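Residues per chain, in single letters:
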Number of protein chains: 2
Amino acid sequence: MARLKSRVTSFDVAKLAGVSQPAVSRAFTPGASITKEKRDRILAAAKELNYVPNVFASSLSSKRSNMVAVISGNLNNPFYSETLQVFVESIQRTHRQVLAFSVQDGRDSDDVMMQAMRYPIDGLVVTSAQMSSELVKLSEGLGIPVVMFNRRVVGSELSGVQCDNFEGSAVLGRLMAAAGARRILIVRGDPQGSTSIDRVQGFRSAVDGVAGVEIEEVDGESSYSGARNAMIRRFNGPGPRFPDAIFAVNDIMAIGCADALNENFGLKIPDDIMLAGFDGIREGQRAPYSLTTVRQPVERMVAETLELLKAAPEDLKGAEAQRRVIPGDLIPGHTVPGMGRWAR
Amino acid sequence: MARLKSRVTSFDVAKLAGVSQPAVSRAFTPGASITKEKRDRILAAAKELNYVPNVFASSLSSKRSNMVAVISGNLNNPFYSETLQVFVESIQRTHRQVLAFSVQDGRDSDDVMMQAMRYPIDGLVVTSAQMSSELVKLSEGLGIPVVMFNRRVVGSELSGVQCDNFEGSAVLGRLMAAAGARRILIVRGDPQGSTSIDRVQGFRSAVDGVAGVEIEEVDGESSYSGARNAMIRRFNGPGPRFPDAIFAVNDIMAIGCADALNENFGLKIPDDIMLAGFDGIREGQRAPYSLTTVRQPVERMVAETLELLKAAPEDLKGAEAQRRVIPGDLIPGHTVPGMGRWAR
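In what follows, the accompanying structure is described. (Residues numbered from 1 in each chain as written. Chains lettered and ligands numbered in written order. Predicted model: local features only at pLDDT ≥ 70, side-chain atom pairs only at ≥ 80, totals over all residues. Heavy atoms only, no water.)

## Comments concerning the pairing of strand S3 (residues 123-126) of chain B
Residue and element names in this part refer to chain B.
- Because side chains alternate across S3, one face comprises the buried residues Gly123 and Val125, and the other comprises Leu124 and Val126, equally buried.
- Relative to S3, strand S1 (residues 67-72) runs parallel, the two sharing 4 bridges. When the bridges of S3 are listed, Ala69 appears paired with Leu124.
- Here 3 bridges tie S3 to strand S4 (residues 146-149), and the two strands are oriented parallel to one another. If you follow Leu124 over to S4, its bridge partner there is Val146. (Buried < 20%, exposed > 50% of the residue type's maximum accessible area, 1.4 Å probe, protein only. Helix = DSSP H or I, 4+ residues; strand = E, 2+ residues; numbered from the N terminus. Pairing = 2+ DSSP bridges.)

Laid out in structure tokens, this is it:
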């Protein structure tokens, strides 16, 4: 790549173009006030010198790069891609940018987080996996504010924003029990993940005490195919005994369950069996699914996350670490009977 | 934010920690060979000095930042969010990062692209909107390779990678005509967008000559709700005359059409009316939709895009500008009858 080997500054460009340095800055600022003629002259000078207007130019007054690193979970789950979308749009509105990272599974998360911290980022948002204490130390040493998103925060050092997974799932449990469900199958996500654990516990807190309730749990791998295959494995063979209701701890798994129940077993939902999910992804709200679910208030969670990032790193540590737990919104849907009474 | 006002270098950290400078570099490199004790010592020194390991440190040998800017269209269309996912995962595998930008509609695209070029990016991928000649000049002046993704390239200056939208749509047109469709409704996207134009033209090239064919076109705004509302507007009122077939130029609109036809008008697809889309988004492949469509070979398009970015900017200009047009994959689906014969 033919780039200049030593750093050319905006002053060099200004000199060559015969303009002031602020004019050079304006030439590279969208919407700034500058004539086309002047801008063209500056661009020509910049081209000649191979100038790179660097948001990271060695300014003695600020180390801000305007980049926020967002570490997403597996983007195959529409919840993560919809969340990334909200981050990209929200952060862009504040004239900053998202540096996007994706963690495929738990094993590469430390590497990915360390790679993020090699950039002069203004903040780090972690939407998947936990942060090892070594990495927490590194972020503090680098002065990078970190906020955990949709994770229960382990330890007391990090701030976090999450939806009230426990209570939202308890609401779904109460609805299913009120609709008459007694034999209930729970489809779990990552058995080590705080999100799945909280949702299972919240759901069970509502149904475990109800007379006649029997609960069974299976693993759905947090994915469409994981859940669909779990249904096929569980109910294949002569005369499978279907439960009254299935609670999948996220919508993408609920969709996998729905497709298996409809296509593989010819069941109708909710007539033959009830179904609920969690997250409120757009796909689950399309007419064929109309999932009964709890929507994570993603826009508000992102806004609170960006607010927490503004704080100095010192404020985000230890005793000052902030936890914001925001209630989700019940979406009545059509997959649990009797939702008409509950519709808002 | 409490960051040090002047730049601390890795040499300062090495001195304080009593190690070599390469050791400091290894301490911040994931997977590098270094003892835990040495790393902890280096991290402690870094913390004390408020050191920021900067991938953009003034190295005289390279200006590479390892960041690739990706400018997406409206992320509400699952095609753009699925594409962004492939970029994030593919680029991360090459130990680089995606700096993510999103264009809401045509009007802000120039501003967004200029904002991207303020960063010392290694390359720019544009998946929405065209690039003004002024911005092309700016990118050349800055030595930033630019590749247009899924866009027909206007002018001769830029390289681009796209799916064969024209031919893919012609295949869908031939299938619908062979299945007996004569009255056909086309649901367009952005009337100025090259993608929608190419798909409409390709589709029409296959059906316009068929005896008895009548074509009608409506606007679907490239969105789920735009298409759904277009169906409701078009077919409401006494005794609407439904066509034999509907071709929506992208899958998210086809899904909107399907939901309207099913829910609002009680029609069955394909028994009462045929439907086809384009893109091959995951959502359209779920059991309730099983769209007949053409899948854009996104993984291959992204790989070719990254290859083009490696070239020096000079090679990407003018006569050397490269256009790569990759055929899409027909997905037979269940929404156009007789697909059994065509299944691969």
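## Things to note about the packing of helix H7 (residues 165-178) of chain B against helix H8 (residues 194-207) of chain B
Residue and element names in this part refer to chain B.
- In contact at an axis separation of 7 Å, H7 and H8 are set at 40° when each is read in the N-to-C sense. Classified by the angle between their axes, H7 and H8 sit oblique to one another. Relative to H8, the crossing made by H7 is right-handed. Residue-level contacts link Asn165, Phe166, Ser169, Ala170, Leu172, Gly173, Arg174, Met176 and Ala177 of H7 to Thr195, Asp198, Arg199, Gln201, Gly202, Phe203, Ser205, Ala206 and Val207 of H8.
- Per-class residue counts for the contact of H7 with H8 are 8 nonpolar, 7 polar and 3 charged. (Axes fitted to C-alpha atoms, helices over the stretch in contact; angles between N-to-C directions. Parallel < 35°, antiparallel > 145°, perpendicular 65-115°, else oblique. Left-handed = near helix turned anticlockwise from the far one by under 90°. Contact = heavy atoms within 4.5 Å. Nonpolar A, V, L, I, M, F, W, Y, C, P; charged D, E, K, R; others polar.)

## Quick notes on the pattern of salt bridges
- Going through the model one piece at a time under the given rule, you end up with 30 salt bridges over all chains.
- In this structure, the salt-bridge partner of Asp244 of chain A is Arg183 of chain A, at a minimum N-O distance of 3.6 Å. Taken as a pair, Asp244 of chain A in the loop between helix H9 (224-235) and strand S8 (245-248) and Arg183 of chain A in strand S6 (residues 183-188) lie far apart in primary sequence, 61 residues in all.
- Asp219 of chain B is paired through a salt bridge with Arg188 of chain B; the nearest N and O atoms lie 3.1 Å apart. Residue Asp219 of chain B is located in strand S7 (residues 214-219), and its partner Arg188 of chain B is located in strand S6 (residues 183-188); the two are separated by 31 residues in the primary sequence. (Salt bridge = Lys/Arg side-chain N within 4 Å of Asp/Glu carboxyl O.)

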